[in-house]
Number of protein chains: 2
Amino acid sequence: MPDHPKRVTRRRVATRARLLDAAFQVFAAKGFGHVSIEELCEAAGFSRGAFYSNFATLDALFFALYQERAELIAAQVAEALAQDGTGLDVPAAVDRVTEVLLLDVDWLLVKTDFLVHAARDPQVARALLDHRARLREAIADRLFRARGHTGLPAVLGDVDGAAHAVVAAYDGVTVQLLLDKDVEAARAWLKQLLTALLTDGGRTPDRPAHDPA
Amino acid sequence: MPDHPKRVTRRRVATRARLLDAAFQVFAAKGFGHVSIEELCEAAGFSRGAFYSNFATLDALFFALYQERAELIAAQVAEALAQDGTGLDVPAAVDRVTEVLLLDVDWLLVKTDFLVHAARDPQVARALLDHRARLREAIADRLFRARGHTGLPAVLGDVDGAAHAVVAAYDGVTVQLLLDKDVEAARAWLKQLLTALLTDGGRTPDRPAHDPA
DNA sequence: GGCTTTCGATACATCGGTGTATCGGATACG
DNA sequence: CGTATCCGATACACCGATGTATCGAAAGCC
């Protein structure tokens, strides 16, 4: 049990960071649930004493790790979305976001591990749902700014529904990527999916579809 | 190490089945990677001897378990797809398939565990990819039979691309379902997504969209 | 129904991981 | 600088799980 430290010394934050970094590596390689505390500490160049001084349990560390990285990604996505102020060019935003979301396969591995973990712990699930909600919000915001310029399919409902769809597409593509490890293909495919979802299927008046057969 | 058994006695298949059933339960509850062989055997009402007589390792059992269940689901999906012979009514097929795919949350839990497992073992990943390919094939077949009656969005490319999109949507919805555990919402949402993907966004000439704002 | 084969239970040796308690050096602070 | 505090290393006791070897009993076979 970590005592609430009176002073947050700088040594503390340093070792904490090193532990989290090592955890990311090791979790990505072997998967949470196949990693022992000892293994993790060895990877970080520490003894178990360091671990128990900083975290109560492996779950706690995993949670902290997820939170840290998720925050980082969220910030990157927000930046990618805000990049063109008025939000007229949706396809460009799609490209930028795709680039950010499918950047690091290791992160996707850890993220999925965390999903599996959250699926069995409502407490953790809540945190993950919150994070996803914030992401959706940012997306919905962006789509709202572009309304009128892109025809959203009616079946998706409002802008919020469309944001939901974007996240679903992201998750779907992630699964395939985890299996074939082809980042470029995944990016291309995600762009395609998002285009299909957010525009009205390539059937805008100014871009008539040619017969696919 | 299981000797290649000369005769497949019926006792053997029975205990094997009981082990697999118990494994499904326990894996769903605690997650693969948090289950010991001992725990599993206890749940099945066996001793560890039974396990080692039937499987070489936990991984092997997990693989067998996945294969068995996946085969079952695939058959159900194929049936749901084949139900109306000529394939004119795509929305009805979507409804039926949705029903089958999002039936059992426990299965989704185990399946996702397996995904995480496969993501780190190319051997296993191959098997999973094969299974997914077969599923896509069945879907593509169905869509092909319905071509001309439903306008596929051009951006998805051919029928095969559309099948790919269906699977991605399924995976995406699964993720959300694992977190909020709301099966009905997931089903509705998946139907909506598939409709948006497979029709041309509710903008067919015979079904004009009304302004969502 | 005997005889053989097969299967699963039991016992055993072993190992790796866990958590705690304690200690010594580093670090902050005056 | 001196000292009090903090933090991470070390040592220890303790399971719990693993895999194997062996044995008794059930099931197949004639």
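Residue positions are counted from 1 within each chain, in the order its sequence is given. Lettering for chains starts from A, numbering for ligands starts from 1, and both go in the order in which the items are written. Reporting of local features is limited, given that this is a predicted model, to residues whose pLDDT is at least 70; pairs of side-chain atoms are given and counted only at 80 or more, and all residues count toward the totals for whole chains, interfaces and linings. Here the side-chain values reflect all heavy atoms present in the structure, with hydrogen atoms and water set aside.

As recorded in an unreviewed UniProt entry, chain A goes by the name TetR family transcriptional regulator, listed as coming from Streptomyces filipinensis.

*Asks:* Let's hear about the interface of chain B and chain A: which residues, and what values?
*Replies:* Only heavy atoms enter the contact rule, under which two residues are in contact if any of them lie within 4.5 Å. Tallying the contact residues gives 48 residues for chain B and 48 residues for chain A. Two parts lose some accessible area (1.4 Å probe) when they are put together, and adding that loss for both gives the buried area. At the boundary of chain B with chain A, total buried surface from both sides reaches about 4,300 Å², with 67% on carbon and sulfur atoms. Of all residues in chain B, Arg120(B), Val155(B) and Leu179(B) give up the largest surface area on contact with chain A, accounting jointly for 17% of the area buried on that side. Salt bridge criterion: a side-chain nitrogen from Lys or Arg within 4 Å of a carboxyl oxygen from Asp or Glu. Linking chain B with chain A are 2 salt bridges, by the criterion used here. In this structure, Arg120(A) and Asp113(B) form a salt bridge, with 3.2 Å as the shortest nitrogen-oxygen distance. Nitrogen and oxygen atoms within 3.5 Å of one another constitute a polar contact, given that in protein one can donate a hydrogen and the other can accept it, and given that sequence-neighbouring residues count only through two side-chain atoms. Along the contact surface separating chain B from chain A lie 10 residue pairs in polar contact (both at pLDDT 80 or more). Taken together, the elements giving at least two residues each to the side of chain B that touches chain A come down to α1 (10–30), α6 (105–118), α7 (122–145), α8 (159–180) and α9 (183–198) of chain B. Helix and strand definitions follow DSSP, with helices as H or I runs of at least four residues and strands as E runs of at least two, each counted in order from the N terminus. Considering each element in turn, the side of chain B that touches chain A owes the most residues, 10 residues, to α8(B).

*Asks:* Now, about the protein's contact with DNA strand D: what can you tell me, with residues and values included?
*Replies:* Around DNA strand D, 20 residues are found, and the nearest of them are Thr15(A), Ser47(A), Arg10(B), Arg48(B) and Tyr52(B). If you look at DNA strand D and keep only atoms within 4 Å of the protein, 73% of those are sugar or phosphate atoms. Taking Thr9(A), its side chain carries an N or O atom lying 3.2 Å from a phosphate oxygen of DNA strand D. At 3.4 Å, a backbone N or O of Glu38(B) approaches a phosphate oxygen of DNA strand D. Within the residue set of the surface near DNA strand D, elements represented by two or more residues are α1 (10–30) and α3 (48–54) of chain A together with α1, α2 (37–44) and α3 (48–54) of chain B. With 4 residues, α3(A) is the single largest residue contributor to the surface near DNA strand D. Under the convention adopted here, Pro, Cys and the residues Ala, Val, Leu, Ile, Met, Phe, Trp and Tyr are nonpolar, Asp, Glu, Lys and Arg are charged, and Gly plus all remaining residues are polar. Residue composition of the surface near DNA strand D, by class: 4 nonpolar, 8 polar and 8 charged. One heavy atom within 4 Å of a molecule or strand makes the whole residue count as near it.

*Asks:* Describe the pattern of salt bridges, listing the residues and the values that go with them.
*Replies:* Applying the stated criterion across every chain yields a total of 16 salt bridges over all chains. Note that Glu184(A) and Arg187(A) form a salt bridge whose closest N and O atoms lie 2.8 Å from each other. Here Glu184(A) pairs with Arg187(A), and both are found in helix α9 (residues 183–198), just 3 residues apart, close to one helical turn. One salt bridge connects Arg187(B) with Glu99(B), and the closest N-O pair in it is separated by 3.6 Å. Pair noted here: Arg187(B) is in helix α9 and Glu99(B) is in helix α5 (residues 90–101), with a separation of 88 residues, a long-range link.

*Asks:* Requested: an account of the protein's contact with DNA strand C, with residues and values cited.
*Replies:* Not every one of the 19 residues close to DNA strand C is listed here, only the nearest: Arg10(A), Arg48(A), Tyr52(A), Thr15(B) and Ser47(B). Per the 4 Å cut-off to the protein, sugar and phosphate atoms form 70% of the nearby atoms of DNA strand C. Between a base oxygen of DNA strand C and a side-chain N or O atom of Arg48(A), the distance comes to 2.4 Å. At 2.6 Å from a phosphate oxygen of DNA strand C is found a side-chain nitrogen or oxygen belonging to Tyr52(A). Looking at the surface near DNA strand C, the elements that each hand over two or more residues are α1, α2 (37–44) and α3 of chain A together with α1 and α3 of chain B. Counting residues per element, the surface near DNA strand C draws most heavily on α3(B), which supplies 4 residues. When grouped by side-chain class, the residues that make up the surface near DNA strand C number 4 nonpolar, 7 polar and 8 charged.

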